[in-house]
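Here is what each chain is made of, one letter per residue.
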Amino acid sequence: MSWVENILKLIELKARYFFALWILGALLIFLPLAIKEQMGLANLPLVIKPWIGIITLVSFVMWVIQLFQILRNWFKLRRMRSDIIDQLHTLTSDERDIFIVCLAKNQRTIHRNITDPDTHSLVSKRLLIQAAGAGNMLAWPFTIPTFVWVHLKENDVILFPELLDEDATEKVLRRQNNGIWGR
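Here the structure is a predicted model, which is why all the values come from computation and not from measurement. Each chain has its residues counted from 1, running along the sequence as written. Totals for whole chains, interfaces and linings use every residue, but because this is a predicted model, local features are given only for residues with pLDDT of at least 70 and side-chain atom pairs only at 80 or more, for both listing and counting. Note that water and hydrogens are dropped before the side-chain values are worked out from all heavy atoms of the structure.

1. Digging into unusual backbone geometry
One can expect most non-glycine residues to show negative phi and most peptide bonds to be in trans. How we decide: To qualify as a helix, a DSSP run of H or I must reach at least 4 residues; to qualify as a strand, a run of E must reach at least 2; elements of each kind are numbered from the N terminus.
The phi dihedral of Asn106 is positive, around 55°, even though this residue is not glycine. Its place among the elements puts Asn106 in the loop between helix H5 (93-105) and strand S1 (109-112). We note that Arg126 has phi near 65°; this positive angle belongs to a residue other than glycine. By the element assignment, Arg126 lies in the loop between helix H6 (117-124) and strand S2 (129-130).

Next comes the structure, spelled out in structure tokens:
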């Protein structure tokens with residue numbers, strides 16, 4: 001293996017390793033001499049001492065770079081989830097019925113016809129996830145993502161005031177049981 005490949009492997013290390021190297025280097029540089037003597041680190045060869053500073057500085061820079069990437073990904077995920085949650089305000093009445101049934105039955109997964117346009121609309125809005133693999137085409141499982149489900153449970157009455165009216169909820173459940181769904 002060439003030295004370039006070794007450097008590239010070091011760059012691919014996770015942020016926690018660079019953080020640990022940075023802390024270790026900072027301790028070796030800034031610890032009082034009495035503590036270094038107790039640890040047996042006071043008599044490091046002179047050749048090693050400048051490298052400790054360089055490695056500490058490089059570790060700190062690499063940790064900060066990776067920390068920015070981690071934070072960028074975190075904000076991007078939050079923005080994406082917020083955009084998906086905003087889709088809840090654009091639902092048709094049939095799409096709303098799907099969520100009303102799930103909330104009334106307290107279940108994240110609903111079985112629908114694989115060609116049902118309402119479920120595919122919700123999948124395209126990223127409010128449902130279609131199960132992969134093989135199964136019954138007339139009762140295909142679709143699951144609400146966890147973060148959407150948590151939002152629905154926290155705001156169920158605000159988003160779906162029909163849940164307060166037992167008659168309206170019963171009508172939706174009856175339509176599902178009578179086979180209107182799963183076209």
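Following the structure, the description resumes.
2. Some thoughts on the nonpolar core
Applicable threshold: We define the nonpolar core as a collection of buried residues of types Ala, Val, Leu, Ile, Met, Phe, Trp, Tyr and Cys that are connected through side-chain atoms lying within 4.5 Å of one another. Think of it in three bands: with a 1.4 Å probe and only protein chains considered, a residue is buried below 20% of the maximum accessible area for its type, exposed above 50%, and partly exposed in between. Two residues form a contact once any of their heavy atoms are found within 4.5 Å.
Core analysis: the biggest nonpolar cluster contains 25 residues, and Leu88, Phe99, Leu127, Ile144, Leu152 and Phe160 have the highest contact counts within it. Those elements that place two or more of their residues in this core are helix H4 (48-86), H5, strand S3 (140-143), helix H7 (146-154) and helix H9 (166-177). Ranked by residue count, the leading element in this core is H5, at six residues. Setting aside chain neighbours within four positions, we find Leu88 in contact with Phe99, Leu127, His151, Leu152 and Leu159.

3. So, the packing of H5 against H7
Packed helices, taken two at a time, are described by their axes: the angle between them and the distance between them. Applied cut-off: Only the contacting stretch of a helix is used when fitting its axis, a line to C-alpha atoms as for every element, and angles between N-to-C directions run 0 to 180 degrees. Working rule for angles: under 35 degrees goes down as roughly parallel, over 145 as roughly antiparallel, 65 to 115 as roughly perpendicular, anything else as oblique. Only Asp, Glu, Lys and Arg are considered charged, only Ala, Val, Leu, Ile, Met, Phe, Trp, Tyr, Cys and Pro nonpolar, and every remaining residue, Gly among them, polar.
Two elements in contact, H5 and H7, have axes separated by 11 Å at closest approach and are oriented at 75°. Compared by their axis directions, H5 and H7 come out roughly perpendicular. Each of Phe99, Cys102 and Leu103 in H5 lies in contact with H7, whose residues at this interface are Trp149, Leu152 and Lys153. Split by residue class, the contact of H5 with H7 holds five nonpolar, no polar and one charged.

4. Description of a nonpolar patch on the surface
Quick note on the threshold: The patches described consist of residues with a relative accessible area above 30% and no salt bridge, like charges being joined within 9 Å and nonpolar side chains (Val, Leu, Ile, Met, Phe, Trp, Tyr) within 5 Å. Residue burial considers only the protein chains on display, and all accessible areas are found by Shrake-Rupley using a 1.4 Å probe. Counted as salt bridges are all cases of a side-chain nitrogen of Lys or Arg within 4 Å of a carboxyl oxygen of Asp or Glu.
Residues Leu21, Leu24, Trp51, Ile54, Ile55 and Val58 make up a contiguous nonpolar surface patch of about 560 Å² in total accessible area. Sorting the residues of the nonpolar patch by element identifies helix H2 (15-30) and H4 as the ones contributing at least two each. Of all the elements, H4 adds the most residues to the nonpolar patch, at four residues. Positionally, Val58 belongs in helix H4. Judged by relative accessible area, Val58 falls into the partly exposed class, the value being 44%.

5. A look at H7
Selection criterion: For this quantity, the arc is that covered by the directions from the helix axis to the C-beta atoms.
Residues of H7 that are buried include every one of Val148, Trp149 and Leu152, and no others. With its buried residues spanning 100° around the axis, H7 presents them on a single face. Against H4, H5 and helix H8 (156-159) lie the buried residues of H7.

6. Comments concerning the pairing of S3
Filter applied, for reference: Should DSSP find at least two bridges between two strands, the strands are taken to pair.
Alternating residues of S3 divide into Trp140 and Phe142, all buried, and Pro141 and Thr143, none buried. Summarising the sheet, S1 and S3 pair through four bridges and their orientation is antiparallel. Paired with Thr109 across the two strands is Thr143, which belongs to S3. As defined by bridge partners, S2 adjoins S3 across two bridges and the pair is classed as antiparallel. What sits directly across from Ile129, in S3, is Thr143.

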